[in-house]
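Report on the structure
The primary structure of each chain is shown beneath.
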Amino acid sequence: MADPSLNVYNTLTHRKEIFEPLHAPFVGMYVCGPTVYGDAHLGHARPAVTFDLVFRYLKHIGFRVRYVRNITDVGHLENDADEGEDKIAKKARLDKLEPMEVVQYYTDRYHQNMEQLNVLRPSIEPRASGHIIEQIEMIRKIMQAGFAYEVNGSVYFDVEKYGHSYEYGKLSGRVIDDLLINTRALEGQDEKKNPFDFALWKKAHPDHIMHWPSPWSIGFPGWHMECSAMGTKYLGDIFDIHGGGMDLLFPHHEAEIAQSTVALGHESVRYWIHNNMITINGQKMGKSLNNFITLNDFFSGSNPLLEKAYSPMVIRFFILQAHYRSTLDFSNDALLAAEKGFKRLMAAQQTLQNLRAGEVSTCDIKSLQQACYDAMNDDFNSPVVLAKLFDAVRIINSVNDGLEGLNADDLELLKTVFRVFIQEILGLHPEEGEESELIDKLVQTIITLRRQAREAKDFKTSDLIRDELKKIGIVLKDSREGTSWEKE
RNA sequence: GGUCUCGUGGCCGAGAGGCUAGGCAGAGGUCUGCAAAACCUCGUACAGCGGUUCGAGUCCGCUCGAGACCUCCA
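Residues numbered from 1 in each chain as written. Chains lettered and ligands numbered in written order. Predicted model: local features only at pLDDT ≥ 70, side-chain atom pairs only at ≥ 80, totals over all residues. Heavy atoms only, no water.

What about helix 1 (residues 42-60)?
Between its terminal C-alpha atoms helix 1 stretches 27 Å, which fits the 27 Å expected from 19 residues at 1.5 Å a residue. Extensive coverage of helix 1 is indicated by the burial of 16 of its 19 residues. Note on helix 1: the residue one or two positions beyond its end, G62, has a positive phi of about 105°. (Helix = DSSP H or I, 4+ residues; strand = E, 2+ residues; numbered from the N terminus. Expected span 1.5 Å × (residues − 1). Buried < 20%, exposed > 50% of the residue type's maximum accessible area, 1.4 Å probe, protein only.)

Written out as structure tokens, the structure reads:
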């Protein structure tokens with residue numbers, strides 16, 4: 001079993017800490033989910049896969065995890081300074097749809113992508129629009145505490161006042177004085193006392209299609225409110241883990257801390273975990289730079305930047321090959337390499353199932369297993385886990401070639417290690433084989449015919465069979481044990 | 001401009017004061033009728049310049065370069 005001490009890098013303290021849940025064996029984890037106004041791109045896959053890994057591992061080592069990942073369907077404005085149109089509302093207007101039609105459409109597509117990536121469903125997936133009452137209630141508390149002010153039906157958080165009693169910027173390492181100097185002067189924020197104050201509630205323009213009644217105006221909640229309200233609603237006033245992309249550190253998560261601190265009298269989150277960005281040509285992949293590639297594009301290959309289609313499992317493998325706190329640079333070559341590596345891993349897993357145990361073991365499977373746990377316990381170091389698994393690949397192939405040996409116990413243990421780490425924890429599985437049982441039988445028959453040709457030294461025929469099969473993407477591999485086949 | 005992060009061999013990426021990361025690509029070899037696969041061997045990688053140290057990719061300083069956040073962004 002695992003080394004009990006799981007170490008987690010906490011953004012708040014800037015160091016790795018031993019993870020100790022508030023109410024073991026229960027763990028509460030909240031992760032910022034997508035704003036559903038467009039298809040998910042590769043960048044969206046990073047936090048999804050990262051926290052799926054965290055979720056899976058925590059469960060594996062025995063915790064009972066309640067994983068909350070929200071859907072942002074209101075309140076996320078497309079412009080700066082809390083001005084501009086709501087992202088969902090704009091998309092609805094452009095497409096002549098109800099906002100909730102937009103939300104439903106992209107939520108469904110997001111779910112589909114997540115399923116393709118083998119990302120487990122969270123325990124609860126709350127929507128911002130379904131928690132307006134909770135958000136209003138929290139805003140009311142913030143106002144009662146005296147840290148928010150109303151102007152023309154909109155409510156803003158008073159960051160400067162908050163800064164007198166608490167430390168605004170502690171998560172992102174920002175200082176209010178610097179913010180005062182450096183926050184850009186932007187249009188249309190005359191309502192705010194300070195440019196870095198953020199909206200808790202926005203009065204709706206008359207033509208705004210999404211709005212709800214509140215004590216202050218008919219309007220909608222500010223973006224940061226939803227996570228504070230929904231996180232504490234489902235996980236309690238204090239919960240263990242809050243995750244999200246590094247780009248959400250400021251101001252989103254900083255605002256969350258301020259809101260909770262004031263509304264509840266204390267902070268809510270014990271461990272902040274942030275995944276780094278995926279870059280393309282060294283630059284962050286994102287909507288604003290318009291350099292993003294959607295997941296569906298990857299799966300279909302229909303993007304000029306892609307040389308070919310890449311399967312969801314290859315994308316997942318690619319993401320897991322880097323540590324979640326490092327940037328990960330996308331390129332065709334990198335993906336191609338990932339694809340080859342992934343196939344090698346899966347092929348070895350297949351080989352493992354047919355391996356025969358010997359009398360003695362020449363390899364130390366136990367320490368290999370321990371190394372995998374050590375890596376996971378060291379802040380979810382999936383690339384090191386994969387490196388260890390590739391060591392195992394070499395062992396498997398060597399045993400298969402008769403160069404190494406494994407006794408029955410070690411063989412079982414190795415199978416367990418593969419099942420646990422590859423399937424359960426890393427969430428990798430072989431590609432969905434389109435080849436039916438029928439096709440397999442057909443190919444097996446052809447292989448038999450080829451074997452007969454080879455035995456008769458009729459290499460012309462045997463090569464013809466191999467070449468023709470290769471043309472339709474079926475590769476034959478001869479070994480001492482016989483001939484196997486796989487799709488190219 | 002402010003705050004912060006990073007710079008590892010052809011590519012992607014771990015690690016981290018003395019102990020092989022790993023994958024992909026490349027070279028040579030074994031096996032095989034041939035090929036593929038597999039296995040074995042190989043490349044004097046740690047941006048540059050100083051410093052600390054018995055010893056530095058790993059710590060400190062400076063220089064150069066890249067990026068993130070400061071505005072919506074996973």
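On we go from here.
Side note on the sheet that holds strand 13 (residues 328-330)
One open sheet holds the three strands; their spatial order is 12-11-13, and the pairing between them is mixed. Every interior strand has two partners, whereas the edge strands, strand 12 (283-284) and strand 13, have only one. Note: strand 11 (residues 278-280) against strand 13, three bridges, orientation parallel. Opposite I280, over in strand 13, you have F330 as the bridge partner. (Pairing = 2+ DSSP bridges.)

With respect to the pattern of salt bridges
Taken as a whole and judged by the stated rule, the model has 21 salt bridges. K91 is the salt-bridge partner of D95, the closest N and O atoms lying 3.3 Å from each other. Of this pair, D95 and K91 both sit in helix 2 (residues 87-95), four residues apart, which is roughly one turn of that helix. Its relative accessible area of 36% is what places D95 among the partly exposed residues. We classify K91 as partly exposed; its relative accessible area is 22%. Residue E468 is joined to K471 by a salt bridge in which the shortest nitrogen-to-oxygen separation is 3.0 Å. Of the two residues, E468 and K471 are both situated in helix 16 (residues 459-471); the distance of three residues between them amounts to about one turn of the helix. A relative accessible area of 39% means that E468 is categorised as partly exposed. Of the residues examined, K471 reaches a relative accessible area of 64% and is grouped as exposed. One connected set of salt bridges, linked through shared partners, spans D52, R56 and R316. (Salt bridge = Lys/Arg side-chain N within 4 Å of Asp/Glu carboxyl O.)

Some points on the nonpolar core
Core analysis: the largest hydrophobic core is formed by 86 residues, its most contacted members being F298, I315, L345, L389, F418, F421 and L428. In terms of residue count, helix 1 provides more of this core than any other element does, 10 residues in total. Apart from the residues within four sequence positions on either side, F418 is in contact with L345, Q349, L352, L389, A392, V393, I396 and Q423. Listed in part, the 40 residues of the second largest apolar core include F198, M225, M230 and L248. (Core = buried A, V, L, I, M, F, W, Y, C linked by side-chain atoms within 4.5 Å. Contact = heavy atoms within 4.5 Å.)

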